[in-house]
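The lines below spell out each chain.
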Amino acid sequence: MAESTFDKKAFKSEIVDNVKLLFRKTIEEADNQQIFQAVAYAVKDIMIDKWMATHKAYELQDPKTVYYMSMEFLMGRALGNNMINIMAYDEIKEILNELGLDINVMEDQEPDAALGNGGLGRLAACFLDSLATLKYPAYGCGIRYRYGMFKQEIKDGYQIEAPDNWLKNGNPFELKRPEYATEIKFGGYVRSYNDEFGKEKFVIENYRSVMAIPYDIPIIGYGNNTVNTLRIWDAEAIQTFNLDSFDKGDYQKAIEEQNLARNIVEVLYPNDNHYAGKELRLKQQYFFISASVQTAVAKYKGKHDDIKKFADKVAFQLNDTHPTVAIAELMRILMDEEGLNWNEAWDVTSNTCAYTNHTIMSEALEKWPIELFSKLLPRIYQIVEEINRRFVEEIKAKYPGNQEKIKKMAVIYDGQIKMANMAIVAGHSVNGVAKLHTQILEKQELKDFYEMMPEKFNNKTNGITQRRFLLHANPLLATWITDKIGDEWITNLEHLKKLKPYADDLTFQKEFMQIKYQNKVRLVKYIKEHNNIDVDPSSIFDVQVKRLHEYKRQLLNILHVMYLYNKLKQNPDMDMVPRTFIFGGKAAAGYRIAKLTIKLINNVGNLINNDKSINNKIKVVFIEEYCVSNAELIFAAADVSEQISTASKEASGTGNMKFMLNGAITIGTMDGANVEIVEEVGQENAVIFGMSAEEVIRYENQGGYDSMEIFNNDEEIRTVLTQLINGFYSPENPELFRDIYNSLLNYKCSSRADTYFILKDFRAYAQAHEKINEMYKDSARWAKSAMLNTACAGKFSSDRTIEEYVRDIWKLEKVEVKL
Ligand SMILES: *Cc1c(COP(=O)(O)O)cnc(C)c1O
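Everything quoted here is computed from the prediction, not taken from an experiment.

Right, let's get into the overall build of the protein. Of regular secondary structure, the protein possesses 33 helices and 25 strands. Relative to the compact-globule value of 28 Å for 819 residues, the protein shows a C-alpha radius of gyration of 27 Å, a close match. Projecting the C-alpha coordinates of the protein onto the three principal axes gives extents of approximately 90 × 75 × 55 Å. Scored against the burial criterion, the 819 residues of the protein give a buried share of 61%. Within the protein, the 116 negative side-chain charges are centred at a point lying 1 Å from the centre of the 101 positive side-chain charges.

Within the secondary structure, Thr182 is located in strand S8 (residues 182–186). There is a polar contact of 3.2 Å between the side chain of Thr182 and the backbone oxygen of Tyr180. The contacts of Thr182, once residues within four sequence positions are left out, are Val210, Met211, Ala212, Trp233, Gln294 and Thr295.

According to the domain assignment, the protein consists of domain 1 (1–61 + 78–110), domain 2 (62–76 + 112–462) and domain 3 (466–692 + 714–742 + 755–796). The distance between the C-alpha centroids of domain 2 and domain 3 comes to 36 Å. Taken together, the 42 residues of domain 2 in the interface contact 45 residues of domain 3. Summed over both partners, the interface of domain 2 with domain 3 comes to about 3,300 Å²; 55% of that surface belongs to carbon and sulfur atoms. Linking domain 2 with domain 3 are four salt bridges, by the criterion used here.

To continue, consider the site of the ligand. By nearness alone, every residue bordering the ligand is listed as Gly118, Gly119, Lys546, Lys552, Tyr626, Cys627, Val628, Gly653, Thr654, Gly655 and Lys658. Thr654 is positioned such that a nitrogen or oxygen atom in its backbone is 2.8 Å from an oxygen atom of the ligand. Starting from 390 Å² of accessible surface for the ligand in isolation, the protein chains cover 96%. Of the residues assigned to the shell around the ligand, the class counts are three nonpolar, five polar and three charged.

All right, on to helix H31 (residues 758–777) then. Here H31 contains 20 residues, and its C-alpha end-to-end distance of 28 Å stays within 8% of the 28 Å for a straight helix at 1.5 Å per residue. Remark: the principal bend of H31, roughly 30 degrees, maps to Ala764. Along H31, the residues classified as buried are Ile758, Leu759, Asp761, Phe762, Tyr765, Ala766, Ala768, His769, Ile772, Asn773, Met775 and Tyr776.

On to the pairing of strand S13 (residues 314–319), then. It is a general feature of regular strands that their side chains alternate between the two faces of the sheet. The element S13 is largely enclosed, with a buried count of six among its six residues. Of the two faces of S13, the one holding Val314, Phe316 and Leu318 and the one holding Ala315, Gln317 and Asn319 are both buried throughout. One ladder, built from five bridges, connects strand S1 (residues 65–69) with S13; its direction is parallel. For Tyr68, the partnering residue across the bridge sits in S13 and is Gln317. Judged from the four bridges that link them, S13 and strand S14 (residues 353–356) form a sheet pairing that is parallel. Note that in S14 the partner of Gln317 across the bridge is Ala354.

The rules behind the values
Residues numbered from 1 in each chain as written. Predicted model: local features only at pLDDT ≥ 70, side-chain atom pairs only at ≥ 80, totals over all residues. Heavy atoms only, no water. Helix = DSSP H or I, 4+ residues; strand = E, 2+ residues; numbered from the N terminus. Rg over C-alpha atoms; globule rule 2.2 N^0.38 Å. Buried < 20%, exposed > 50% of the residue type's maximum accessible area, 1.4 Å probe, protein only. Lys, Arg positive; Asp, Glu negative; His and termini not counted. Charge placed at Lys NZ, Arg CZ, Asp CG, Glu CD. Polar contact = N/O pair within 3.5 Å; in protein donor to acceptor, adjacent residues only side chain to side chain. Contact = heavy atoms within 4.5 Å. Domains from an automatic or database assignment. Buried area = accessible area lost by both parts, 1.4 Å probe. Salt bridge = Lys/Arg side-chain N within 4 Å of Asp/Glu carboxyl O. Near = heavy atom within 4 Å. Areas by Shrake-Rupley, 256 points an atom, 1.4 Å probe, with all protein chains shown as cover. Nonpolar A, V, L, I, M, F, W, Y, C, P; charged D, E, K, R; others polar. Expected span 1.5 Å × (residues − 1). Bend = angle between axes of the 7 residues up to and from the residue. Pairing = 2+ DSSP bridges.

This is how it looks when you write it as C-alpha cells:
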C-alpha cells in the first residue's frame, strides 16, 4: 500500500489561504460552511495532481475503458470519503482540531449529492469507488440534476416533500468543462437522400436542440493515484436569448430551446422501481446518453482510425433500461456519421453494450408508446424499428408460426417499445444482481430470451464499498478490526474472516458489543436532535431503512408492532427485551399507499411511545430524511436488520449487506442477496422466515390467495386489522387507514387482495421476532452471531462485484498511475 505523503503544515496553511481567497476572511471570521469549502478545496488540490496523472497515464497507455451509464448516482457526501481515500482522514481531523474545529461538524456542512433514489443509484456510487480503488479506467456518465432527491419532512406524521437545492453553495469538487460541450437534437423529421456514391443518407431537419455541458467530479481510489471521472451533464440553451431571433422570426423556437434546456436537467424523478412514462424522462435519457456516446466516440477517434474496433477500447454498461437508448444512438452515429453499414454497426454495438437487469416487477418495466418516442427521436425510432424488424425475422426463423414468442420478445409490440427487450437483443451480456434474481430471470421472466441466447446471461451479485460503509461510517469498529487483524480488509474484504476465531472469545465479544453500544448512543443523539424522541440505547435497535414500497413490506413490520403492543397491553409483564423499532425511507411523491404507511408508522409511534403502561418495552421511531449521510450512522447502530420483502421481489438489496458488515443480525425472507448472506454467515446466525420465491410465484400464477381466510381464523390478526379502521390509531379520523385495510382484504379491479402476502407471512414473521428476542437474551450467543456477521461479510464488497464484471463482461486491464 502506498504510504501517505501528506504534508500537515502545508495543508493547514492552505485551509487558511483558501478561506482568505474564497471569502476574504480569517478562520475566526469564517462560518462553518465557508471553512468546509476551504477544506474541500484543499482536499481537491491534492486530488488534482493525481487526476492529471491518471489522465496522462490513460492517454499514454490507451487502455480499454468502461462507461458506467446511469440515470442515478447516489453519491452522498464527498469530503469524508475523499479524505479517507487520500489516506489523510486522521491527519486532517487533527489539523481541524488544532484550528479549534470539529471534523464531524465540517462534514455535516456538505449537502448529500442525492442524484438517485435508492439502491440502484447507490450501487453506481459504490462501483465508482471500487473501480478507482482497483485501478480500472472508468467513467461514470449521468445527469447533473439541479434538484436531486426531494428532502423529506415529517409534519403531523405525514411526509412533506421539499426541493433539494444541493448546489446553492456551489460544489467544490466539481469542474465545469465547457470545452466538451455537445449539441443534442430533439424532434424534427428525418430526410433521406442518396449521396454521390448512391448510398442512402439520413439527416434530421427542423429539430430543436440544447447544449450538453459536462461537469466532472473526481473519483479517487483508496490509497492509490487513480482518479477516475464521474461526468454529469448540465443543459444550456444553444445561444442565450436575444432579440435578434425575434427579427428572424424564430422567437418561438428560441424560447422553446430555452425552456427545453431549463427543464431537462431540472429534477430527478423520485420513483424507485416504478415507470411513469413521462416524455420529459425520455428527454433526460436521450440527453445524457447522446452526450456520453458522442463523447466516447470522439475520444476513440482521437486515437484510432478504425471505428470497427471501437469495442476493443470501450465498454458501455447500462444500469437498468434507463440508458438503453444508447444502443440506437451508437448505431446512429456509426451508420449516419461514421459510414458503417448495418451489420458492421450492429457488431460494434453488440460488443460494446451490456445490460444489468434490476427488477422483475412489471410496473417498473419501461415501455415507450411509439407515438411519443418517434416524435421526440425520429431517427432513433427508425433504427429501433429496424432492430425490431430483423429480430422478429430471427424469431420467426427459429420458432415458425409461434406468435407467442413474438408477443413476448419483440422490441416493438402493441404500439410500445420495450426497452428491456432491446437491451437484451442488442447487448452481449445480460446480468441479474443476485443469484436468486438471475435464476428467476432465466427460468421465469426472461425464459424465452434465455432459451434463445443463453450465452448472454450471467449473474453479478451486488456489493457495497467497505471504505464508506465501515471505514468511514463506523470508525470505532474499523479501528478495532484493524487492531485485531491488520488493515488489509480495507482493500480486500475477505480478510474479515480472520475475525472468526475471535467470535467465541468473551473479551472480544464485550469489546464488539461495547462499540455497538457507543454507535447506538451516537444515533440516539441524532434522533433526539432531529426527532426529539428519547430512545434507550440498551434496547434492541431493530431497523428497517429503505425506500417505502409495498413489496419491501414496511406494513408487515408495523402491523407486527401493533400486534406486539396488543399483547403487551394484555400482559405488561410479558418476557420481552425492550425494542426500538426504527424506520426510515422516502415514499415516491405520488405513491399514495406508501405515504399512508408512513403516516401509520408515525401514528402507531405516537400512541405507543406515550403509553407508560408498557414500561418502555416498545418504542417506534421514524427517522426523517433517510439518505446516505445518516444511513452511515444508522447501519453502525443497528442490532437487527429488517430485510422482509416478499420473496422474489427484491432483486438483490444492498442495505442488507451494509447492516451485515456492521454486525447486525438479519431477520429476513429468502429473497435477493439475503440468500447469499445466509449462505455466508450460516442459518444459525440469521433469522429466516416466510414463503419462498417459488411459493410466491406459484400462488401468483394461481391468481393469489384468500386473505379473508386468515382474517376469519386468526383473532389476533383480525384485531390488528380492525384497529386500522376503528380509529384506534386515528381517533380524529377512523377511516384514515381504510385504504391499507382494503389493500389487505379486498379485491380491487386492478389488483388482488394482499398482493404482497403480508397476512400469509405474518405468523412466521411474529415467530421470527420471538426468536430474535430469545437470541438476544443470551448475550454471548448474540455477540457471537453479530461478530460472525461482520466476519462473513467479505463476499459483499463491491470490489468483488467489480472484479467479476471486469473478468466476464468488460475485460479491462489495471493501469498503474505514477505521480
Ligand atoms: C443502501 C441504500 C439504499 C438501498 O437499500 P435497500 O435496503 O437495499 O433497498 C437506499 N438508500 C440509501 C441511502 C442507501 O444507502
